[in-house]
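Analysis of the macromolecular model
Residue-level listing of the chains:
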Amino acid sequence: APAAKPLPGYAGFKNADAVIVHSSTTIETKRSAFGTSVITPSNQLYVRNNLPTPNASIVADRDAWQVQIDGVKQPRQLSVAELKKMGLETVTMVLQCSGNGRGFFPSKPSGTQWTVGAAGCVVWSGVPVREVVKALGGVADGMVYMTGTGGEVLPAGIDPKTVMVERSVPLSAMQDALLAWEMNGEPISLAHGGPLRLIVPGYTGVNNIKYIKQLAFTLKESEAHIMSHGYRISPPGSKSDPSQPSVQEMSVKSWINSPLPEAGTQAAGMVQIHGVAFGGMHAVKGVEVSTDGGKSWKPARLVGPDMGKYAWRQFVLQAQLPKGTHVLASRATDEKGNLQPETRGENQSGYNNTSWADHAVTVTVA
Ligand code: MSS
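Cut-offs used in this document
- Residues numbered from 1 in each chain as written.
- Predicted model: local features only at pLDDT ≥ 70, side-chain atom pairs only at ≥ 80, totals over all residues.
- Heavy atoms only, no water.
- Disulfide = S-S within 2.5 Å.
- Buried < 20%, exposed > 50% of the residue type's maximum accessible area, 1.4 Å probe, protein only.
- Pairing = 2+ DSSP bridges.
- Helix = DSSP H or I, 4+ residues; strand = E, 2+ residues; numbered from the N terminus.
- Axes fitted to C-alpha atoms, helices over the stretch in contact; angles between N-to-C directions.
- Domains from an automatic or database assignment.
- Contact = heavy atoms within 4.5 Å.
- Buried area = accessible area lost by both parts, 1.4 Å probe.
- Salt bridge = Lys/Arg side-chain N within 4 Å of Asp/Glu carboxyl O.
- Polar contact = N/O pair within 3.5 Å; in protein donor to acceptor, adjacent residues only side chain to side chain.

**Concerning the state of the cysteines**
Under the defined criterion, the tally for this structure stands at zero disulfides. With no disulfide of its own, Cys-121 lies closest to Cys-97 among cysteine sulfurs, the gap being 17 Å. Here Cys-121 falls in the buried class, since its relative accessible area comes to 0%.

Dropping the structure here:
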């Protein structure tokens, strides 16, 4: 096996045994490291940066960080110190990269070959966007999108639109969105977007803008390449374009975290088959587990605290596994009755993989 890549400096606090370093800007949580405690510890959470990570000086004086609020009746710049006086809310949310599960596409789309570990369940604290908007006189007339811009310093001499991280989501996403300064009980680390991050619960990772420097209510979607062409559901073999659906709301998904084939041959007998399930925009209603590759299903039990509809739930099925090879799978249902599908939705870039078949694991019992 190739030697493990070292952790990049800004992510030096990560537990090297719990993560896979794909590159200096892409770090994945090992499937075996998710544990059973609902919340993903910060030192195990995945990292994905589309640009080089900003200089640590931006988190030296967190309260001084400024964000420009535009597209409201009274546009203005606000510091984190000011935001902290305007409201406080906490949300537990699945943060999941749009490309999580790309590694299961047989077409091997270009991009990081994430399997399950570009996701975690984390707690964010900050001010509700709707409170900020209210204090600034409300959204300006006719605005359709909420557009967040990352605070990375862009390389000189190129059109900023080609590289900047700027994403638009429907205005309705404002209702549950936060401008957050805290993650899992600590000021947000540089790796995860400190000093200030836009949190859009239920939306895929890319819509949660780190180091946010501008939040604007806009008539049109951002013209940044990452919005117009990036993160689009393009038919296999085609080029991306702005007419294709953007990767935004997450949908119902689950996977098993134990037992895993990487643990080697298991002893016959009782096992606790456990994993995580989430609904994206809706709470999880139930999870079923199969030990025969999806031929038959048994209801699993949801365990642990319910941290709200945007969090994941842990599930467990206690089973006797006799000697042999077993294909273990899970499939979740959300409160709207949406069932996790068997197959992935094929697309050129390998986004939104929720296929239970792709996430199944084969374990050997002797
Ligand atoms: N933000 C910014 N500013 N920049 C960048 O790069 N990225 C994205 C988000 N945000 C970015 C941002 C992505 S893409 C993701 S996933 C996320 O983030 C991640 O997170 P963490 O914290 O984990 O790292 Mo895919 O869809």
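Here the narrative resumes.
**Overview of the sheet that holds strand 18 (residues 301–303)**
Taken together, four strands build an open sheet; the order of strands is 14-15-19-18 and the sheet is antiparallel. Where the open sheet ends on each side, the last strands, each with one partner, are strand 14 (253–258) and strand 18. The sheet shows a mean angle of 35° between the axes of neighbouring strands, direction not considered. Bridging between strand 14 and strand 15 (residues 269–278) involves five bridges; their strand directions are antiparallel. Across the sheet, residue Ile-256 finds its bridge partner in strand 15, namely Gly-275.

**Some thoughts on the domain arrangement of the protein chain**
Partitioning the protein chain into structural domains gives domain 1 (9–228) and domain 2 (253–365). With 34 residues of domain 1 in contact, the opposing surface of domain 2 contributes 30 residues. When the buried area of domain 1 at its contact with domain 2 is split by residue, Arg-31, Val-38 and Phe-105 rank highest and sum to 27% of it. For the pair domain 1 and domain 2, the interface holds zero salt bridges. Between the two partners, domain 1 and domain 2, sit 11 residue pairs in polar contact (both at pLDDT 80 or more).

**A look at the pairing of strand 6 (residues 89–96)**
Most of strand 6 sits out of view: six of its eight residues are buried. Of the pairings in the sheet, the one linking strand 6 to strand 7 (residues 119–128) comprises eight bridges and is antiparallel in character. Bridge assignment links Met-93 to a residue of strand 7, and that residue is Val-122.

**Focus: unusual backbone geometry**
For the bond running from Gly-194 to Pro-195, omega is 5°, close enough to zero to count as cis. Tracing the sequence through the fold places Pro-195 in the loop between strand 11 (186–187) and strand 12 (197–199). Phi is positive for Val-38, which is not a glycine, with a value near 65°. Structurally, Val-38 is set in the loop between strand 2 (26–29) and strand 3 (47–48).

**Digging into the sheet that holds strand 17 (residues 298–299)**
Pairing in this open sheet of four strands is antiparallel, and the strands run 17-16-20-21 from one edge to the other. Of all strands in the sheet, those with a lone pairing partner are strand 17 and strand 21 (361–365), marking the two edges. Two elements, strand 16 (residues 284–290) and strand 17, share two bridges in a ladder whose sense is antiparallel. Bridging across to strand 17, Glu-288 finds its partner in Pro-299.

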